[in-house]
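Examining the three-dimensional arrangement
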Amino acid sequence: MNRPKVLVTRQIPEAALKLLRQHCEVVVNPYDRGMTREELLEGVRGKDGVLCLLTDIIDDEVYEAAGEQCKIFANYAVGYNNIDVQAATKRRIIITNTPGVLDDATADLAWALLFAVSRRIVEADRYTREGRFQIWGPMLYLGRDITGKTLGIIGAGRIGSNFGRKARGFDMKILYTNTKPNKKFEEETGAMYVDKETLLRESDFISIHLPLLSSTRHYIGEKELDMMKRTAVLINTSRGPVIDEKALVRALKEKKIWGAGLDVFENEPKLEPGLAELDNVVVVPHIGSATIETRTNMGLIAVKNMIQAFSGEIPDHCVNP
Ligand code: DGY
């Protein structure tokens, strides 16, 4: 039997490519950049499967270009808002994602941002590097305490609850909102299920862990920012458009909240004008899952999803079974 032909839209860790090459004829995007739309449409032509990224817009035009033989688009991410799943389902194309393996890495990065903003690590680093540190000062880079404070978690799924479990060492009171109560999470952490307004008004730190859906777009806007404490720290490692970034820039400029830590942006990779000039925000380039171990595991899972699909099985992480 002919080996399935596969396109990988960007270089991924070698262990995953090695496994894929054992089963398939593999073409990898040769450039150190994302594929252009034209390259993507050309690259998918005649392929049996595509291992794609969250930066690839996968829609009906792409499925049409790939052709009827195409079985699977395996997204190298847990989020799959870049993919038109409905159109894929109509064409009996399998869509998969990589849940679970990136929970720790993403939750860890949310904590790193929380610390960086609260203790002004980036500002203080810049000051020290620039040789401005002349003498210890009682008022130098005062931040905010974390221990004993109230942590608000928006979305207590796999990543949000992982993030919450890590708060136990800091004796924090945990509030959370979710589509439904997460009893296991409550038992593990003592977290309290509250409505959105209570969470926004009472939390010292708020971390967002929502998928991007039409219902979660601009989940945090001007009204919500106005409800937060003036000392609140907002963290987002999920998807940029869940925050109205214009409203956030205004709130940060006017010091309506203490600060924000952002791994994701509304118009990624562009930042809202004004954001990068602010000292009370820490920005990083969507690196939530960016550890060697996690990115390797994501690759292995995406490849396993493909191998399962090519052997006629429903892959473990099929999102349109
Ligand atoms: C995801 O998996 O959805 C992250 O945003 C990138 O790892």
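Criteria and thresholds
Residues numbered from 1 in each chain as written. Predicted model: local features only at pLDDT ≥ 70, side-chain atom pairs only at ≥ 80, totals over all residues. Helix = DSSP H or I, 4+ residues; strand = E, 2+ residues; numbered from the N terminus. Rg over C-alpha atoms; globule rule 2.2 N^0.38 Å. Buried ≥ 20, exposed ≤ 12 C-beta atoms within 10 Å, placed from the backbone. Pairing = 2+ DSSP bridges. Contact = placed C-beta atoms within 7 Å. Axes fitted to C-alpha atoms, helices over the stretch in contact; angles between N-to-C directions. Near = placed C-beta within 6 Å. Nonpolar A, V, L, I, M, F, W, Y, C, P; charged D, E, K, R; others polar. pLDDT = per-residue confidence, 0-100. UniProt positions renumbered as here; feature names shortened; annotations may be inferred. Core = buried A, V, L, I, M, F, W, Y, C linked by C-beta atoms within 7 Å. Right-handed = clockwise from strand over helix to strand, strands pointing away. Parallel < 35°, antiparallel > 145°, perpendicular 65-115°, else oblique. Left-handed = near helix turned anticlockwise from the far one by under 90°.

**A look at the overall build of the protein chain**
- Looking only at helices and strands, one finds twelve helices and twelve strands in the protein chain.
- In terms of overall dimensions, the protein chain is globule-like: its C-alpha atoms have a radius of gyration of 21 Å, near the 20 Å expected for 321 residues.
- When the 321 residues of the protein chain are sorted by exposure, 43% land in the buried category.

**Observations concerning the sheet that holds strand β9 (residues 205-208)**
- The seven strands are arranged β8-β7-β6-β9-β10-β11-β12 in an open sheet whose pairing can be described as parallel. Unpaired on one side and paired on the other, β8 (192-193) and β12 (281-283) mark the two borders of the sheet.
- Taken strand by strand, helix α7 (residues 158-165) contacts β6 (150-154), β7 (173-177) and β9, and its axis lies near 170° from that of β6.

**Some remarks on the site of the ligand**
- Taken together, Leu-54, Ala-77, Val-78, Gly-79, Leu-102, Gly-288 and Ser-289 form the complete shell of residues around the ligand.
- Split into classes, the residues belonging to the shell around the ligand amount to four nonpolar, three polar and no charged.

**Comments concerning the confidence of the model for the protein chain**
- The predicted model of the protein chain has a mean per-residue pLDDT of 98, with 100% of residues at 70 or higher.
- In the model output, the complex is listed with pTM 0.97 alongside ipTM 0.98.

**Some remarks on the UniProt feature "domain: D-isomer specific 2-hydroxyacid dehydrogenase catalytic" (unreviewed entry) in the protein chain**
- UniProt records the feature "domain: D-isomer specific 2-hydroxyacid dehydrogenase catalytic" (unreviewed entry) at residues 6-320, using the numbering of this structure.
- Here residues 6-320 is 35% helix and 14% strand, with 20 Å between the C-alpha atoms at its ends.

**A few points about the nonpolar core**
- Residues Val-6, Leu-51, Phe-73, Ile-235, Ala-302 and Met-306 are the most contacted members of the largest nonpolar core, which totals 88 residues.
- Considering each element in turn, this core owes the most residues, eight residues, to helix α5 (residues 103-118).

**Overview of the pairing of strand β4 (residues 72-75)**
- Residues Ile-72 and Ala-74 point to one face of β4 and Phe-73 and Asn-75 to the other, with burial holding for every one of them.
- Here strand β3 (residues 49-52) pairs with β4 via four bridges, running parallel. From the neighbouring strand, Gly-49 faces β4, where its bridge partner is Ile-72.
- The pairing of β4 with strand β5 (residues 94-96) spans three bridges and is classified as parallel. Its bridge partner lying in β5, Ile-72 is registered against Ile-94.
- Crossover connection from β4 via helix α4 (residues 85-90) to parallel β5: handedness right-handed.

**Digging into the packing of α5 against α7**
- The geometry of α5 relative to α7 is characterised by a closest axis approach of 9 Å and an angle of 55° between their N-to-C directions. Relative to α7, the element α5 is oriented oblique. Note on packing geometry: the crossing formed by α5 with α7 is right-handed. Here Asp-103, Asp-104, Thr-106, Ala-107 and Ala-110 of α5 lie close against α7, whose contacting residues are Arg-158, Ile-159, Asn-162 and Phe-163.
- Considered class by class, the residues forming the contact of α5 with α7 number four nonpolar, two polar and three charged.

**So, the UniProt feature "domain: D-isomer specific 2-hydroxyacid dehydrogenase NAD-binding" (unreviewed entry) in the protein chain**
- The sites that carry the UniProt feature "domain: D-isomer specific 2-hydroxyacid dehydrogenase NAD-binding" (unreviewed entry) are, in the present numbering, residues 112-288.
- Between the first and last C-alpha atoms of residues 112-288 the distance is 10 Å; the span itself is 30% helix and 15% strand.

**Some details on unusual backbone geometry**
- A cis amide bond links Glu-268 to the next residue, Pro-269, at an omega of 5°.
- Within the secondary structure, Pro-269 sits in the loop between β11 (259-262) and β12.
- The phi torsion at Arg-120 lies on the positive side, around 55°, for a residue other than glycine.
- Checked against the element boundaries, Arg-120 lands in the loop between α5 and α6 (121-129).
- Arg-120 gets classed as buried once you count the C-beta atoms within 10 Å, which come to 22.
- At Lys-255, a position not held by glycine, the phi torsion is positive, near 55°.
- Mapped onto the elements of the fold, Lys-255 is located in the loop between α11 (245-253) and β11.

**Re the environment of Ile-314**
- Tracing the sequence through the fold places Ile-314 in the segment after α12 (292-310).
- Spatially, the C-alpha atoms of Ile-314 and Thr-96 are 9.8 Å apart, while their sequence positions differ by 218 residues.

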